[in-house]
Amino acid sequence: MQFAFNDEQQMLRDSVERFGEDEWSAADRLKRLAEGREGTARRWAQMAELGWLMLPIAEEEGGLGGGPVEIMAIMEGVGRHLMTEAYVSHCVLAPALMTGGGDHCAALLEQVGAGQVRIAAALIEDDDFDVAAISARASAIDDRFKLTGTKTHVEDGADADWYLVSARTGGAPGERAGISLFLVPSGAEGLAIQRFRAVDSHRHCSLDLVDVDAIPVGVIGEVADRIEAALDRAIVAHMAEAVGSMEAAVAATLDYVRTRQQFGAPIGSFQVVQHKVVDMSVACEEARALMMVAASQLASGGDASSLIAAAKVRVAQCGIAVAQQAVQLHGGVGTSEELIVSHHLRRQMMLDLAHGDRDHHKARFAELTR
Amino acid sequence: MQFAFNDEQQMLRDSVERFGEDEWSAADRLKRLAEGREGTARRWAQMAELGWLMLPIAEEEGGLGGGPVEIMAIMEGVGRHLMTEAYVSHCVLAPALMTGGGDHCAALLEQVGAGQVRIAAALIEDDDFDVAAISARASAIDDRFKLTGTKTHVEDGADADWYLVSARTGGAPGERAGISLFLVPSGAEGLAIQRFRAVDSHRHCSLDLVDVDAIPVGVIGEVADRIEAALDRAIVAHMAEAVGSMEAAVAATLDYVRTRQQFGAPIGSFQVVQHKVVDMSVACEEARALMMVAASQLASGGDASSLIAAAKVRVAQCGIAVAQQAVQLHGGVGTSEELIVSHHLRRQMMLDLAHGDRDHHKARFAELTR
Amino acid sequence: MNLDLAPEDREFQQDVRDFFANSIPEDWKKTVRAGLRLSPENLVAYQRRLADRGWGAPTWPKEYGGTGWTPQQLHIFWSEASAADAPAQFHQGLELIGPIIFTYGSQAQKDYYLPRIISGEDWWCQGYSEPGAGSDLAALRTRADRDGDDYVINGHKMWTSYAHVADRMFILARTSNEGRRQQGISLILVDMDTPGIRISPIHTLDEKHHTNEVFLDDVRVPATNIVGEEGMGWNYGKVLLDRERMVAAATAMFLPQTLRAVREAATRRRTAYGLLIDKPEFRAKLAQVEIEAVAVQAMVLRLMADAAAGADSGPRGSMVKLRWSELTQQATALWVEALGPKAQHFAALGDESELPDDMPFALKGALYARVTTIYGGSSEIQRNIIARRALGL
Amino acid sequence: MNLDLAPEDREFQQDVRDFFANSIPEDWKKTVRAGLRLSPENLVAYQRRLADRGWGAPTWPKEYGGTGWTPQQLHIFWSEASAADAPAQFHQGLELIGPIIFTYGSQAQKDYYLPRIISGEDWWCQGYSEPGAGSDLAALRTRADRDGDDYVINGHKMWTSYAHVADRMFILARTSNEGRRQQGISLILVDMDTPGIRISPIHTLDEKHHTNEVFLDDVRVPATNIVGEEGMGWNYGKVLLDRERMVAAATAMFLPQTLRAVREAATRRRTAYGLLIDKPEFRAKLAQVEIEAVAVQAMVLRLMADAAAGADSGPRGSMVKLRWSELTQQATALWVEALGPKAQHFAALGDESELPDDMPFALKGALYARVTTIYGGSSEIQRNIIARRALGL
């Protein structure tokens, strides 16, 4: 059980922290957001240079083979500074889905690690978070596959160059057997992309596919487990982001209640305010402990699925509660764009939804511990 | 919409209040409880003399024809003083089940009103609160009926002279059709009674029936609606008791926090304590408003079932929360037998269970508002 | 919640129902259900429609152009408005400055301003909060200095909702620095086109522009624009205490609108289980919020009955505010939940493809709802007030 | 929660597992799962079994007869005890006075008292609270007046758990009235058979006798019974601050026991829907509590890792106490819910017919759990402490 970073991880953490302070200081946030895709592209190139993008990619595939704890070192900083770069989607989830997928995947992953290509996972249909609740079809014609179907939500998919699309080569919606995974370039014929912005400034999309040429990844008909294992990695990374964001929100709130004067005293001198900040910090501790145990368990290779489901639920509950309370204790100014706390709230709300909300994972936990 | 008592109702309320102060003062509670059945018998006789027992019975059946609002006037006092007399079971529920049941019922109800006979309703089987989830069987032989089955819980049934037993003359468990109601004397052959005490000192029982002679009440096979309507009346009466108890618990807590000194000041001067008492009083107001609207709606004869289901859920939630907080704010002494607050907590916990707990009525509300 | 109605009330109910059946465009309804305010133009249009029907000021006495309705009638009116997905009327003119003017204002003020509020001609905003004076309003520093027949106002107001569309503003300003902090504060009416007023939008998390900072630099208004006596402005707020219960009650009555929106969204959402609305865990959560909303409706009925009986409601207005605001937050959060993954699609990028109607509304509603436990006396302040005034702690 | 264990730890785990497999009678398990304490006789019997195995004092250093276990080993020990439905050890001797004695006591005190705590020969109770000194312990008024070679103690202690079975009591008493309130307080060891001690039971809502008032009238004890220096008693409590995290951690690790009991009850309960455990609404509620229990286990792991690293845990001990006590209340309440209508059958009347085993336990557990947010520093006090010490507010 590892609760402290080793030297290397600590250096990584410090480097992310510096980057966050330089590039995403709370005071400059609105300016950064206004830069849009250009800013993201610039920062993405820097992150590639720093080696972060290739960190989670396996060594055999040209990466650094970083594990959940290294990713945690990065993602806490991403959360603290609310960076909108889609590190988890492109650098954690996509590589986890593609690893061992053969030469084509290895070549693409190298480009991912170099920041030249972004790949997003298109797994969700029909408004459900369940990986097996899909009905998109992949038909084999000779050795080639054609995809037809609709993916309602692709996390961070708006600016992707490739999509990893789950589709059925067999089985009925709800069944785990018969699910396969395919690569589709964003310019493919028959592919229509609708792009959306979320309240946390992440950029997503939905896909409509009609007879789209696709390249299979992994074993045909047997990728449900692989998808869930990859999602678990993405979820743990997101939890580290959530914890970083929570701790930043608490720190901002502590600063505020210590200085904001009302009724002739700092509001932090009122007992009710104190106890609320205490509950926020307890929630942080709860989320951090869960996140670290989950990362550690994942790193050790043991079965972590029910633990991760539990942690996903609780971190989301704690994260939303902390961010809501941060806004509340700031009063009116907490709801303004200019202050950072409402940005934390929006990110926490969206992190809850990414790869399955609290209810989805609560039901999953109940099923796994039945 | 009636939110204030008229003069007559106010007199009734005052009379219950005096009775409560004389017979059930908080300081004498342990002595009263130690008296056991003798004390209850004495007070029951007094209550008969005061006319309360016959109040809810229809005028045609020798009663006073009091409605939900009059019953509320009584039950609030019962709750404030935590009287353990089973007024709702014997004087509200049983008469509501039996009214219009013919000469035999009328004769028994007269005795109920005079305090000579106590009748308890045996409706629950198989650990479920649903009136239709019963499988006890009534077989007709000529004009007579024989009952066989098990009733897991009879509210206030330990000292009853008669039982009103629901049983199937047709249909399968879960179906509303085929449910009938029967009167069985407590000394009937084939009837085995197990008696229990609850944490609130109410005395209940369970019944095992094997070929027990029984007298039908109401229309054979069609009493599911009547049972639910009668339960609604009992539930509204219990809600008034719950509100009376909550308000007494808040009053006791207010007294305590105003006087108890810690750190050189009354604990009621600490903001956190203040806000908790505020939340208790908001919960009281919420429960009172619901209870009064439900009683009023019931009195007006309109369809009140979803409203009563909603009120049952929320009053129980508020009641338990208020009583728990009352104990918490009293600190250690709140958990002692000697102080009244923990008695309120125990009663609130049991009131939640009487005739269906929060979850049961929440599901019922969802069904009724589907 | 069905009420026992007298025949004349039943008739009135039918009138109101008929009116609303034809008065609320579909596109207003979506906004309304999210607990969001209509655009100012639409709110003004709505106010005009009501005024044309003679119902412009439902809570005002007849002599000032109000309806003179009984609390029972008011309750019917709001119930029907809520059921028809009509919006709540914008309250700063109607419920805040209007009643102060008809209670403490001069005859000239009454004659000029009151009809313009009812007709929708004047939109009022409230200049109370300041950067250093939020929950602690008495800390305000804006000054109004007497200069001949004028006051010259200097200061910086915050959270001035709709200052950018308002015609007039009522402000609290310090006309003296002596005595207790609450003394020396005056209530002054200001035309928004007076030179020296600068409005700066405050962008908020729901991405709607509804509130502002207002800078006042040597803003010169006639001394006759003061309401009542100089230095007594703080006290005039008291008339509002009694009326606040009406604002709280009216607002709370519109809660079922949001719950209907949640139901609709859950009825549309397909999941692996089937429709979300049929999923037992979701039904239990929705039932919980609906049950609490029923409780708040019951609390409102008690408030209205108090008002009808001319009785003091004690802290019940504050209690309704507390519970209503918490429930709005819960209901809109549940709405976001009901949308599922699609809740991450807040705005279309690039080509203006169609978004489901309720999608940004659910999120705007959930985000906007965060301010309901802050504005109009935060939940913390409400609890302080109840502790002190009602419980004597 | 499975941990990555080193081979030697894995061996140790097997030892512990073997021990518990044969050491816990069935009738203890029922009590344990309710979060209730075993009877004193059984707790003593348990302590003897552990002592026989050399595990009487898991948290103590070896030199005082403890195991000298690493935090990792402690965690394994508690995990296995919890899984086996073994009880938590009674802590007032082992975790409260024992460590004070081995830190501040005289050699004679160490030699005499410590082995008797480990063996279970001495049962200690804590004489701290008084009628006027609960959360505000420094308000205590019990006096210990020096008289020759003795102290003569007079006072009135409250909430003295197990005074009625204890052999010895450690009390805080005032040996001087000068200086700050916390000064002049001394820590004194008292034999319970000393003349002048009167014990009066406090009956509590769970209908178990576990706590008492203790009246001390001219109770004469040798001056050598003082621990450390006169007037410094308040300070000795500080050694406990660091150890309290261990008590909190150990207690929290036993939470899964109650959750197993809830599952079992829900698996037995038939409803119209089928088994309660299969009902989606109930499963969601159970999952919520279980998930929060997983979170608390994770918090405990962090505490143990801090301890292993010799690091300060800051307020994490208080946080675990806060969360653990709330969860015990939720879990036992859910257990009562799982029983359904039968939860109203607390005790048989008349003939001693059989009650389901878990029925009174669930209720006793739920009622007893109310005190867990009050004792050992109420939740309010814990929050005050965290605010002050950790957040600097």
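Note that this is a predicted model, so its numbers are computed, not measured.

Colleague: Which residues make up the overall build of chain C, and what are the values?
Modeller: A tally of regular secondary structure across chain C gives 13 helices and 10 strands. Against the globule reference of 21 Å for 393 residues, chain C gives a C-alpha radius of gyration of 22 Å, in line with a compact fold. For the C-alpha atoms alone, the extent of chain C along its principal axes is close to 75 × 55 × 50 Å. Considering only contacts in chain C between residues 6 or more positions apart, those separated by 24 or more positions represent 73%.

Colleague: Explain the interface of chain B and chain C to me, and be specific about the residues and the numbers.
Modeller: Listed per partner, the contact involves 34 residues of chain B and 32 residues of chain C. Taken over both partners, the interface formed by chain B and chain C buries close to 3,000 Å², and the fraction arising from carbon and sulfur atoms is 64%. Where chain B meets chain C, there are 7 salt bridges. Here R316 of chain C and E285 of chain B are joined by a salt bridge, their closest N and O atoms 3.2 Å apart. At the level of elements, α7 (224-259), α8 (271-300), α9 (305-330) and α11 (358-368) of chain B are the ones that each hand at least two residues to the side of chain B that touches chain C.

Colleague: Run through the interface of chain A and chain C, naming residues and quoting values.
Modeller: Between chain A and chain C, the residue contacts involve 47 residues of the former and 43 residues of the latter. We note a salt bridge from D126 of chain A to R270 of chain C, for which the minimum N-O separation is 2.8 Å. Looking at the side of chain A that touches chain C, the elements with two or more residues in it are β3 (144-154), β6 (191-197), β7 (203-217), β8 (261-262), α8 (271-300), α9 (305-330), α10 (341-353) and α11 (358-368) of chain A. Among the residues forming the side of chain A that touches chain C, the class breakdown is 17 nonpolar, 15 polar and 15 charged.

Colleague: Lay out the packing of α9 of chain B against helix α10 (residues 280-308) of chain C in plain terms, naming residues and giving numbers.
Modeller: Running from N to C, α9 of chain B and α10 of chain C cross one another at 95°; their axes reach a closest spacing of 9 Å. Here α9 of chain B lies roughly perpendicular to α10 of chain C, going by the angle between them. Residue-level contacts link L307, A310, V313, R314 and Q317 of chain B of α9 of chain B to Q288, I291, E292, V294 and A295 of chain C of α10 of chain C. Looking at side-chain class alone, the contact of α9 of chain B with α10 of chain C contains 6 nonpolar, 2 polar and 2 charged residues.

Colleague: Outline a negative patch on the surface, listing residues and values.
Modeller: Residue and element names in this part refer to chain C. Where like charges cluster on the molecular surface, the negative patch consists of E8, E11, D15 and D18. The topology assignment puts D15 in helix α1 (residues 7-21). Residue D15 is classed as partly exposed on the basis of its relative accessible area of 37%.

Colleague: Could you give an account of the domain arrangement of chain A, with specific residues and numbers?
Modeller: All names here are of chain A. Considered domain by domain, chain A is made up of domain 1 (7-113), domain 2 (119-221) and domain 3 (225-368). One C-alpha centre belongs to domain 1, the other to domain 3; they are set 21 Å apart. Between domain 1 and domain 3, the contact holds 22 residues from the first and 26 residues from the second. Buried area between domain 1 and domain 3, both sides added, is near 2,000 Å², and the carbon and sulfur share of it is 76%. At the surface where domain 1 touches domain 3, the tally comes to 1 salt bridge. In this structure, E76 engages R288 in a salt bridge whose closest nitrogen and oxygen atoms are separated by 2.8 Å. Counting across the domain 1 and domain 3 interface gives 4 residue pairs in polar contact (both at pLDDT 80 or more). Those elements that place two or more of their residues in the side of domain 1 that touches domain 3 are α2 (29-35), α4 (68-80) and α5 (87-98). Top contributing element to the side of domain 1 that touches domain 3 by residue count: α4, with 9 residues. Among the residues forming the side of domain 1 that touches domain 3, the class breakdown is 17 nonpolar, 2 polar and 3 charged.

Colleague: Give me the lowdown on unusual backbone geometry, citing residues and values where you can.
Modeller: Residues and elements named next belong to chain B. Here D211, not a glycine, exhibits a phi torsion of approximately 50°, which is positive. Examined against the element boundaries, D211 turns out to sit in strand β7 (residues 203-217). Looking at D211, the relative accessible area reads 47%, which means it is partly exposed.

Colleague: Which residues make up the domain arrangement of chain C, and what values do they have?
Modeller: Residue and element names in this part refer to chain C. Segmentation of chain C into domains returns domain 1 (7-89), domain 2 (124-232) and domain 3 (254-390). For domain 2 versus domain 3, the separation of C-alpha centres amounts to 32 Å. Contact residues are listed per partner, giving 6 residues for domain 2 and 6 residues for domain 3. A combined buried area of about 530 Å² lies between domain 2 and domain 3, and 73% of that area is made up of carbon and sulfur atoms. Three residues stand out in domain 2 for area buried against domain 3, namely S135, L205 and D206, and they jointly supply 69% of the buried area on that side. Taken together, domain 2 and domain 3 are joined by 0 residue pairs in polar contact (both at pLDDT 80 or more). Partitioned by chemical class, the residues of the side of domain 2 that touches domain 3 number 1 nonpolar, 2 polar and 3 charged.

Colleague: Would you mind going over the packing of aromatic side chains in detail, with residue names and values included?
Modeller: All chains considered together, the criterion is met by 44 aromatic pairs over all chains. Here the aromatic rings of W60 of chain D and F102 of chain D are separated by 5.4 Å at their centres, their planes lie at 75°, and the arrangement is edge-to-face. Separated by 42 residues along the polypeptide, W60 of chain D in the loop between α3 (40-52) and α4 (71-83) and F102 of chain D in helix α5 (residues 91-104) bring together distant segments of the chain. In this pair, the class of W60 of chain D matches that of F102 of chain D, namely buried. Three or more aromatic residues joined by ring pairs make a cluster, and in this case those are F12, F19, F20, W55, W69 and F77 of chain C. The side chain of R198 of chain C reaches across the aromatic face of F215 of chain C, ending 4.3 Å from its centre.

Colleague: An account of the pattern of salt bridges is needed here, citing residue identities and associated values.
Modeller: By the definition in use, this model includes 114 salt bridges over all chains. For K342 of chain C, the salt bridge is made with D127 of chain A, and the minimal N-O distance between the two is 3.2 Å. Taken together, the positions of K342 of chain C in the loop between α11 (316-339) and β10 (347-349) and D127 of chain A in the loop between β1 (119-122) and β2 (137-141) put the pair across two chains. On the basis of relative accessibility, which here comes to 10%, the residue D127 of chain A falls in the buried class. Here R383 of chain D and D279 of chain A are joined by a salt bridge, their closest N and O atoms 2.7 Å apart.

Colleague: Tell me about the environment of E207 of chain D, and please be specific about residues and values.
Modeller: Take E207 of chain D: it is sitting in the loop between β6 (197-202) and β7 (211-222). Separated by 157 residues in sequence, E207 of chain D and K364 of chain D place their C-alpha atoms 7.7 Å apart. With near-sequence residues (within four places) excluded, E207 of chain D lies in contact with R197 of chain B together with F346 of chain D. A distance of 3.0 Å separates the side chain of E207 of chain D from the side chain of R197 of chain B, its partner in a polar contact.

Quick notes on the rules
Residues numbered from 1 in each chain as written. Chains lettered and ligands numbered in written order. Predicted model: local features only at pLDDT ≥ 70, side-chain atom pairs only at ≥ 80, totals over all residues. Heavy atoms only, no water. Helix = DSSP H or I, 4+ residues; strand = E, 2+ residues; numbered from the N terminus. Rg over C-alpha atoms; globule rule 2.2 N^0.38 Å. Contact = heavy atoms within 4.5 Å. Buried area = accessible area lost by both parts, 1.4 Å probe. Salt bridge = Lys/Arg side-chain N within 4 Å of Asp/Glu carboxyl O. Nonpolar A, V, L, I, M, F, W, Y, C, P; charged D, E, K, R; others polar. Axes fitted to C-alpha atoms, helices over the stretch in contact; angles between N-to-C directions. Parallel < 35°, antiparallel > 145°, perpendicular 65-115°, else oblique. Patch = residues over 30% accessible without salt bridge, like charges linked within 9 Å, V, L, I, M, F, W, Y side chains within 5 Å. Areas by Shrake-Rupley, 256 points an atom, 1.4 Å probe, with all protein chains shown as cover. Lys, Arg positive; Asp, Glu negative; His and termini not counted. Charge placed at Lys NZ, Arg CZ, Asp CG, Glu CD. Buried < 20%, exposed > 50% of the residue type's maximum accessible area, 1.4 Å probe, protein only. Domains from an automatic or database assignment. Polar contact = N/O pair within 3.5 Å; in protein donor to acceptor, adjacent residues only side chain to side chain. Phe/Tyr/Trp six-rings, centres within 6.5 Å; stacked < 30°, edge-to-face > 60°. Lys NZ or Arg CZ within 6 Å of the ring centre and 35° of its normal.

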